[in-house]
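A look at the structure
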Amino acid sequence: MRCEVVTAARTAKVTDGDGDGDGREGTGEGATGVMGPLPLPRPLLRSALGLYLDLHAHPELSGHEHRTADLLAARLAGHGLAVTRAVGGGHGLVGVLRNGPGPTVLLRTELDALPVTEATGLPYASTTPGVMHACGHDLHIAAVTGAVALLAADRDSWRGTLLVVGQPAEETLSGARPMLEDGRLYERFGTPDAVLAQHAAPLPAGTVAHAPGGAPLMAGSIAADVTLHGRGGHAATPHLTLDPVLMAAATVLGLQSVAAHATAPAEQAVLTVGSVRAGERGNITPDTAELSLTARAFTDSALDRLLAAATRVVRAQAAAAGAPRDPELTVTARSPALLPDPALTAAVRRAHEGALGAARVLDAAPSTATEDFPHFAAGGAPTAYWLLGTTGVRQWRAARAGGALVDPNHAPGFAPDVRPALPAGITALAAAARHVLGAGPGDGGEAES
C-alpha cells in the first residue's frame with residue numbers, strides 16, 4: 001500500500017491550495033488547506049472538530065466501542081434523531097430522522113479503532129495504550145455528525161428519511177452482517193434507496209475519489225486463524241520435542257507463494273500472514289503455534305482458490321513435520337469485493353463536483369484494502385462509497401518531490417490533516433444525501449399535506 005500511495009502522491013494532478021497543514025496541526029477551526037474555504041457554519045465545524053479530537057484521544061477496539069457509541073448516540077439525539085442501540089448485538093446503533101414522505105438515505109460510519117501504538121506526536125494522540133484510530137474512523141464519525149447537523153437544521157429543503165448507522169467491529173469484518181441479519185436492520189428501519197459511506201485515504205486532504213463506473217473500489221477478503229500442533233518440552237532436548245515454531249516458520253514461507261500460484265497476475269490477489277504467536281520463553285518448546293492470515297482478491301472464485309491453496313499448505317507443512325494432530329484452519333470473517341452501484345456513484349460524483357469543485361473529485365484505482373460495507377447492499381440496496389483525502393499539503397508536496405513516504409492507514413504515524421479533511425467529509429456526505437432525498441418546499445417541492 002505504501003508504494004501505491006507514493007505513486008499517487010507523485011502523479012496525481014491536484015492543485016495544491018494555500019494551506020500548510022501537515023497532518024500534525026489539525027486542531028484549527030478554519031477550513032483552509034487544499035480545499036480552500038468551505039461554506040460551513042463555524043459552530044458546526046467547531047462541534048465536529050471537538051468530537052473528532054475526543055474520539056481520537058479515546059479509541060476503542062472492535063467489540064468494545066461503548067464510549068464511542070455513547071458519544072455518537074448523544075450527538076444524533078441532539079439533532080432530533082430517534083436512536084436505537086444494540087442493533088444486532090454489541091454496540092451497533094441506528095438513528096432515524098423522518099421528514100415526510102420521500103426516499104430513505106442511509107449514512108454509515110464505523111466505530112472501532114486498531115491495536116496500534118500511536119507514534120504521531122499529536123497533542124491529542126491516543127491516551128489508550130496500544131490502541132489507535134489508525135484508520136480514520138474517528139474522522140468518519142465526526143463527518144457524519146456534521147452532515148446530520150446540516151440536514152437537521154435545514155429540513156425545509158428536503159423530504160424523506162435519514163438513517164445513520166454506527167457500525168461496530170469493521171476492522172474485524174464482523175460488524176455489518178450481524179446488524180443486517182441478527183438486528184434485522186432493513187426490516188426494522190426500512191430498506192434504503194441509497195447507502196452512502198466514505199473512507200479516509202492518503203490522498204490530498206480536501207479531495208474525494210470515486211471508482212470509475214462499474215469498477216471495484218476494494219477487494220473482497222477472507223480472514224482465517226490457524227493452529228499448528230507440536231509436542232512441547234525443554235529447549236535443551238529438541239530430539240524429544242516436535243517444535244511448532246519451526247512448523248509455523250515453514251508454513252509462513254510456504255504461504256508466501258500461494259497468491260502467485262493460485263491466481264493469475266491480473267487478478268491482483270494477495271495473501272498476508274499478519275500475526276504469529278507461539279510460546280512464552282526461549283528455553284521452552286511450546287505445544288502449539290498460531291497464525292492469523294488474510295487473503296484478498298476481487299472475485300469470489302479467486303478468494304476460494306486462495307483459501308483452498310492456503311489450506312493445502314498448512315496441512316502439508318504439518319504432515320511433513322510429523323505433527324501429532326491435524327492443524328485447524330478457521331475462517332473468522334469473509335467479505336465480498338466492494339462494487340459501488342454505477343448509476344448512484346455517477347450521481348453522487350456529480351453532486352460532489354458541484355459541492356467541492358470538479359478539480360477536487362478524483363478517480364480511485366482499485367485497492368486490495370477490504371471492507372464489510374458491501375453487506376449493506378443486501379436486498380439490492382444501491383451503494384455509493386468514496387475515498388476522503390487526508391494528507392496535508394506539506395506531506396503531499398514532499399512525497400511528490402520524492403521525499404518521505406506518506407503514512408497510510410493502519411500505520412502508527414497515520415495523521416489526517418483534519419482542517420481540510422473534516423469540512424470536505426461533511427460536505428461530501430451532506431451533498432450526496434441531498435441528491436437522493438426528495439426536494440422540500442424550500443427547494444420548490446410541495447409541502448407535506
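Residues numbered from 1 in each chain as written. Predicted model: local features only at pLDDT ≥ 70, side-chain atom pairs only at ≥ 80, totals over all residues. Heavy atoms only, no water.

Right, let's get into the packing of helix H10 (residues 342-356) against helix H12 (residues 418-436). Following both chains from N to C, one finds H10 and H12 inclined at 125°, their axes separated by 9 Å at the closest point. Taken together, the axes of H10 and H12 are oblique relative to one another. H12 is crossed by H10, and the crossing has right-handed handedness. Taking contact as the criterion, the partners of Leu344, Ala347, Val348, Ala351, His352, Ala355 and Leu356 in H10 are, on H12, Ala424, Thr427, Ala428, Ala431, Ala432, His435 and Val436. Of the residues in the contact of H10 with H12, the class split is 11 nonpolar, 3 polar and no charged. (Axes fitted to C-alpha atoms, helices over the stretch in contact; angles between N-to-C directions. Helix = DSSP H or I, 4+ residues; strand = E, 2+ residues; numbered from the N terminus. Parallel < 35°, antiparallel > 145°, perpendicular 65-115°, else oblique. Left-handed = near helix turned anticlockwise from the far one by under 90°. Contact = heavy atoms within 4.5 Å. Nonpolar A, V, L, I, M, F, W, Y, C, P; charged D, E, K, R; others polar.)

One pass over the structure, following the stated rule, counts 16 salt bridges. For the salt bridge of Arg177 with Glu181, the shortest nitrogen-to-oxygen distance reads 3.7 Å. Of the charged contacts in the structure, one is a salt bridge between Arg305 and Glu267, with a shortest N-O distance of 2.7 Å. You can see Arg305 sitting in helix H9 (residues 300-321) and its partner Glu267 sitting in the loop between helix H8 (258-262) and strand E9 (270-278), a full 38 residues away along the chain. Judged by relative accessible area, Glu267 falls into the partly exposed class, the value being 23%. Several salt bridges converge on common partners, so that one network encompasses Arg108, Glu110, Glu371 and Asp372. (Salt bridge = Lys/Arg side-chain N within 4 Å of Asp/Glu carboxyl O. Buried < 20%, exposed > 50% of the residue type's maximum accessible area, 1.4 Å probe, protein only.)

The predicted structure's coordinates, where accompanied by low pLDDT, should not be read in detail. Residues at a pLDDT of 70 or more form 90% of the chain, whose mean pLDDT is 91. Ignoring residues within four places in sequence, the model shows residues 1-37, a span with pLDDT below 50, making 103 contacts including any to other chains. Of the regions scoring below 50 in pLDDT, residues 445-449 engages in 7 contacts with residues more than four places distant in sequence or in other chains. (pLDDT = per-residue confidence, 0-100.)

Despite not being glycine, Ala86 has its phi angle at roughly 55°, a positive value. Here Ala86 is to be found in the loop between strand E1 (82-84) and strand E2 (93-99). In the Ramachandran plot, Gln268 falls in the positive-phi region, its phi being about 50° despite a non-glycine side chain. Position of Gln268 among the secondary structure elements: in the loop between H8 and E9.

Here we come to the environment of Arg85. Considering the arrangement of structural elements, one finds Arg85 in the loop between E1 and E2. Considered as a pair, Arg85 and Asp70 are 15 residues apart in the sequence and their alpha carbons are 9.3 Å apart. When sequence neighbours within four positions are dropped, the list of residues in contact with Arg85 reads His66, Ala69, Asp70, Ala73, Gly92 and Leu93. Polar side-chain contacts of Arg85 include one of 2.8 Å to the side chain of Asp70. (Polar contact = N/O pair within 3.5 Å; in protein donor to acceptor, adjacent residues only side chain to side chain.)

Moving on to H9. With 22 residues, H9 extends 32 Å from end C-alpha to end C-alpha; this agrees with the ideal 32 Å at 1.5 Å per step. For H9, the elements touching its buried residues are strand E7 (218-229), helix H7 (244-255), H8, E9, strand E11 (288-297) and strand E12 (328-335). Note on H9: the residue one or two positions beyond its end, Gly322, has a positive phi of about 75°. (Expected span 1.5 Å × (residues − 1).)

What follows covers the environment of Val273. In this structure, Val273 sits in strand E9. Along the chain, Val273 and Leu255 lie 18 residues apart, while their C-alpha atoms are 8.1 Å from each other. In this view, Val273 contacts Val252, Leu255, Gln256, Leu291, Ser292 and Leu293; residues no more than four positions away in its chain are not counted.

Let's shift gears to the pairing of E2. Taking burial as the measure, the 7 residues of E2 include 6 buried ones, the bulk of the element. The pairing of E1 with E2 spans 3 bridges and is antiparallel. Directly across from Thr84, in E2, lies its bridge partner Val94. Of the pairings in the sheet, the one linking E2 to strand E4 (residues 158-167) comprises 7 bridges and is antiparallel in character. Within E4, the residue paired with Asn99 across the bridge is Gly160. (Pairing = 2+ DSSP bridges.)

A few words now on the packing of aromatic side chains. This model, assessed by the stated rule, comprises 3 aromatic pairs. An angle of 35° between the planes, with centres 5.8 Å apart, marks the rings of Phe373 and Phe376 as tilted. On the basis of relative accessible area, Phe373 is assigned to the buried category, the value being 0%. For Phe376, a relative accessible area of 0% corresponds to the buried category. Between Phe373 and Tyr385, the ring centres sit 5.1 Å apart and the planes meet at 50°, which makes this aromatic pair tilted. Residue Phe373 is located in the loop between strand E14 (367-370) and strand E15 (383-391), and its partner Tyr385 is located in strand E15; the two are separated by 12 residues in the primary sequence. Here the two residues Phe373 and Tyr385 agree in accessibility, since each one is buried. (Phe/Tyr/Trp six-rings, centres within 6.5 Å; stacked < 30°, edge-to-face > 60°.)

This part is about helix H2 (residues 42-57). The terminal C-alpha atoms of H2 lie 22 Å apart, and with 16 residues this matches the ideal 22 Å at 1.5 Å per residue to within 8%. Taken together, the buried positions of H2 are Leu44, Leu45, Ala48, Leu49, Leu51, Tyr52, Leu55, His56 and Ala57. Taken together, the buried residues of H2 touch helix H3 (66-78), helix H4 (137-152) and H12.

This paragraph deals with the packing of H2 against H12. Packing of H2 against H12 brings their axes to within 11 Å, and their N-to-C directions diverge by 110°. When the interaxial angle is binned, H2 and H12 end up roughly perpendicular. With respect to the hand of their crossing, H2 and H12 are arranged in right-handed fashion. Note on element contacts: H12 touches H2 through Val418, Leu422, Pro423 and Ile426, opposite Leu44, Leu45, Ala48, Leu49 and Tyr52. Here the residues of the contact of H2 with H12 are counted per class, giving 9 nonpolar, no polar and no charged.

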